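Spelled out, the chains give:
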Amino acid sequence: ASSGLAQQDQQLLDELVAKDEIREQIYNYSRGLDRMDMELAKQVWHPDGTTNIIGVFEGTGEGWIDWLWETHDPFVGHSHQMMNILLEVDGDTAVSETYMTATLRAEPTENSANMTMVRGRYADRWSKRDGRWAIDHRLYTLDFTSGIASTGPNQSVSSRRDRTDPSYQVYPH
């Protein structure tokens, strides 16, 4: 009976480790976008991974990141949050649903800064290959977008959209 319990404990531990590694990848995607760290954002997909952003883009994960770089470039800043991550792991495959919020800030004027907030959900299929979890396929559903106009003096920001961002001094990965 104790060997059965040990095996059950190992399966539970393996599942928890897999969920943690997948969550890290989800967060890597967000950080990759916000810091414009293309290498970090692209590594979230397997080389043959695909993406379907309903009504916007359908193709490879790498192609999606290339497309995002062009569309994010005109903004002066953006912030992506990943939350409500639901995961089911089955051996070396998994599925997840992640709620996301992205706020995109346009070039500000002296007294205003227009932003767009996007909310949606990623439904991802994952697999572990050569010891690394990555996306096989992503399906994105847009829930809604909102325009936000702010007035008043703009404050300077210390964040950067590259590896010179202060966070890389502490967390260089």
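Residues numbered from 1 in each chain as written. Predicted model: local features only at pLDDT ≥ 70, side-chain atom pairs only at ≥ 80, totals over all residues. Heavy atoms only, no water.

**Looking at the overall build of the protein**
Rule in force here: Put simply, DSSP H or I for four residues or longer makes a helix, DSSP E for two residues or longer makes a strand, and each gets a number counted from the N terminus. Burial here depends on accessible area, computed with a 1.4 Å probe over protein chains only, as a share of the maximum for the residue type. Under 20% is buried, over 50% is exposed, and the range in between is partly exposed. In what follows, residue pairs with any heavy atoms lying within 4.5 Å of each other are defined as contacts. Computed with the Shrake-Rupley method and a 1.4 Å probe, the accessible areas treat only the protein chains shown as cover for residues. Under the counting rule used here, the positive set is Lys and Arg, the negative set is Asp and Glu, and His together with the chain ends is not counted. Charge placement uses NZ in Lys and CZ in Arg. For Asp and Glu, CG and CD serve respectively.
In terms of regular secondary structure, the protein is built from four helices and six strands. For the C-alpha atoms alone, the extent of the protein along its principal axes is close to 70 × 40 × 25 Å. Relative to its full complement of 173 residues, the protein shows a buried share of 36%. When contacts within the protein are restricted to residue pairs at least 6 apart in sequence, those whose partners lie at least 24 apart make up 60%. When the accessible surface of the protein is split by element, carbon and sulfur atoms take 52% of a total near 10,100 Å². Seen as two clouds, the 16 positive and the 27 negative side-chain charges of the protein have centres 4 Å apart.

**A few points about the nonpolar core**
To keep things clear, this is the line we draw: The definition of a nonpolar core used throughout is a set of buried Ala, Val, Leu, Ile, Met, Phe, Trp, Tyr and Cys residues joined through side-chain atoms within 4.5 Å.
Within the largest apolar cluster, 28 residues are counted, with the highest numbers of intra-cluster contacts made by Ile22, Tyr29, Trp64, Ile65 and Trp126. Those elements that provide at least two residues to this core are α1 (2–34), β1 (45–53), α3 (61–72), β3 (77–90), β4 (93–105), β5 (112–129) and β6 (132–151). Among the elements that take part in this core, α1 stands out by supplying five residues, more than any other. If we ignore the near neighbours within four places in the chain, the residues touching Ile22 are Leu87, Val89, Ala94, Trp126 and Trp133.

**Description of the pattern of salt bridges**
Applicable threshold: Whenever a carboxyl oxygen of Asp or Glu lies within 4 Å of a side-chain nitrogen of Lys or Arg, that contact is scored as a salt bridge.
Summed over all chains, the structure comprises ten salt bridges. Lys19 serves as the salt-bridge partner of Glu15, at 3.4 Å between the closest nitrogen and oxygen. Residue Glu15 and its partner Lys19 are located together in helix α1, separated by four residues, close to a single helical turn. Overall, Glu15 belongs to the partly exposed group, its relative accessible area being 32%. A salt bridge links Asp66 to Lys42, with the shortest nitrogen-to-oxygen separation between them at 2.8 Å. Taken together, the residues Asp66 in helix α3 and Lys42 in helix α2 (residues 38–42) connect sequence positions 24 residues apart. Residue classification places Asp66 among the partly exposed residues on the basis of a relative accessible area of 31%. What emerges from the salt-bridge pattern is a single network uniting Lys42, Glu62 and Asp66.

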